[in-house]
Every structure is written in C-alpha cells, then in structure tokens.
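# Coordinate analysis (summary)
Next come the chains, spelled out residue by residue.
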Amino acid sequence: FERMTILAVGSPWKKANAAQKKTLTEAFKGMLVRIYSGVMLQFKDSEVTIKDRAVVQNHGRSIIVSSVIAPSAAGALRRPVRVDYTLRKAGDRYMIYNVAVEDQSLVTVYRNQFKEIVDKEGFDGLIEQMREGMRTGWTAPKAVMAALPEPISVRKDRLKRAAAMIRDHADRSE
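### Points about unusual backbone geometry
One non-glycine residue, H59, lies in positive phi territory at about 55°. Tracing the backbone shows H59 in the loop between β2 (55-57) and β3 (62-70).

### Some thoughts on the packing of aromatic side chains
A complete count under the given rule lists three aromatic pairs for this structure. Relative to Y110, the ring of F28 lies with its centre 5.4 Å away and its plane at 85°, an arrangement referred to as edge-to-face. Separated by 82 residues along the polypeptide, F28 in helix α2 (residues 18-41) and Y110 in helix α3 (residues 106-136) bring together distant segments of the chain. Of the two residues examined, F28 and Y110, each falls in the buried class. Among the aromatic residues, those joined into a cluster by ring pairs are F28, Y110 and F114. Lying across the ring of Y97, R3 places its NZ or CZ 5.0 Å from the centre.

### Some words on the nonpolar core
Judged by nonpolar contacts, the single largest core of 28 residues is most densely connected at L24, F28, M31, Y110, F114, L126 and M130. Counting only elements with at least two residues in this core, the list comes to α1 (2-9), α2, β4 (81-90), β5 (93-101) and α3. When near neighbours in sequence (up to four residues on either side) are disregarded, L126 contacts L24, F114, I117 and V118.

### With respect to the side chain of Q20
Looking at the secondary structure, you find Q20 in helix α2. Residue Q20 is classed as buried on the basis of its relative accessible area of 15%. Looking at Q20, its side chain comes within polar contact range of the side chain of D124, at 3.3 Å. The residues touching Q20, leaving out its near neighbours within four places in the chain, are F123, D124 and I127.

### A short note on the pairing of β3
As defined by bridge partners, strand β1 (residues 47-50) adjoins β3 across four bridges and the pair is classed as antiparallel. Paired with T49 across the two strands is V68, which belongs to β3. As judged from the three bridges shared by β2 and β3, these two strands associate in the antiparallel manner. For V56, the partnering residue across the bridge sits in β3 and is I63. Joining the antiparallel neighbours β2 and β3 is a turn of four residues, in which N58 adopts a positive phi near 50°. Of the strand pairs in this sheet, β3 and β4 are connected by eight bridges, and their pairing is antiparallel. Counted as the bridge partner of I69 is V81 from β4.

The rules behind these values
- Residues numbered from 1 in each chain as written.
- Predicted model: local features only at pLDDT ≥ 70, side-chain atom pairs only at ≥ 80, totals over all residues.
- Heavy atoms only, no water.
- Helix = DSSP H or I, 4+ residues; strand = E, 2+ residues; numbered from the N terminus.
- Phe/Tyr/Trp six-rings, centres within 6.5 Å; stacked < 30°, edge-to-face > 60°.
- Buried < 20%, exposed > 50% of the residue type's maximum accessible area, 1.4 Å probe, protein only.
- Lys NZ or Arg CZ within 6 Å of the ring centre and 35° of its normal.
- Core = buried A, V, L, I, M, F, W, Y, C linked by side-chain atoms within 4.5 Å.
- Contact = heavy atoms within 4.5 Å.
- Polar contact = N/O pair within 3.5 Å; in protein donor to acceptor, adjacent residues only side chain to side chain.
- Pairing = 2+ DSSP bridges.

Following this line, the structure appears as structure tokens:
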C-alpha cells in the first residue's frame, strides 16, 4: 500500500515527514479496503477472464495484466467491465500498486483529489479527511463509480464481512 499511497499523493509526498507518511499510508489503506470491499461485492459470482498477454514495462520491473469481468445471472453487473492491474516487481514477486476500472486509474483519480486537499489543508488535513470519510461513508471517486455499469448497493453486514476478509489478506501479504 505504500507504493500506491506515494503515487496517489504525488510530488507533495516528499514534503511529508516520516510520521505523516506512515499515518497517511495506513489511512489510505483503511479507506481503500472500506470503499472497494463494497465495490468488489458487485462482481460476486461473475466470471473473470485474464487476457493472455501482459504488457511488460521497465525491463520487467512492472507489468500490466488486463481482465474482463463478465456479468453473471446472479450478479449486479449488466455489461462486461475491464479491469487492468499494474504490478511492480518486489523481490521475487509482483505486487499490485494500481487498478484501473474502464481506464479510470485509482492512483490518478486520487492524486487529483489529494492534491487539492494537501494544497488547502496540508497532510494532516488529508489524513483527517480520510479518517472522517471512513467514519461517514466516503465512497469511491465519481470517476471510478461512473466507470461501473450501475450504482452499487450493499447490505452493511456483507460490507463489513468483505472488508474484514480483505484486511486479513492485506495483512498477510505485507
């Protein structure tokens, strides 16, 4: 999550102190888990097809893997959705650091939002807005939500269960 946070914050990252960077990374991780666990439930029971060829960049240090998520009879999707995952080599494995839904990159969308907040309120303001957003139900950016085929509605108990599963997985992968 640190790499994704660095890219989402952009050049202002260099101005943050170590404590702010650590806190910002944890807040961003929490916010992403909360928001996107609900988004991912929309893909429940859908068929995911990974495209055969990944795009290799930077002499193999990063790759882009594309997938198409097809609607299922029981799922909420009404049309296929393209999702691209950008991975960076970390030791002997690749780690996802960006996801693009229908060409809407999470990193880019958040970078635009975060820049405005950092310019007005500084890093502490950004951290507080993330924390407040998690408490009050901050949703995925409009650009990402617009890329999805329809609005998402998720029961609260299912959202909590999905968020716990993603948190557990994230903790094991670090």
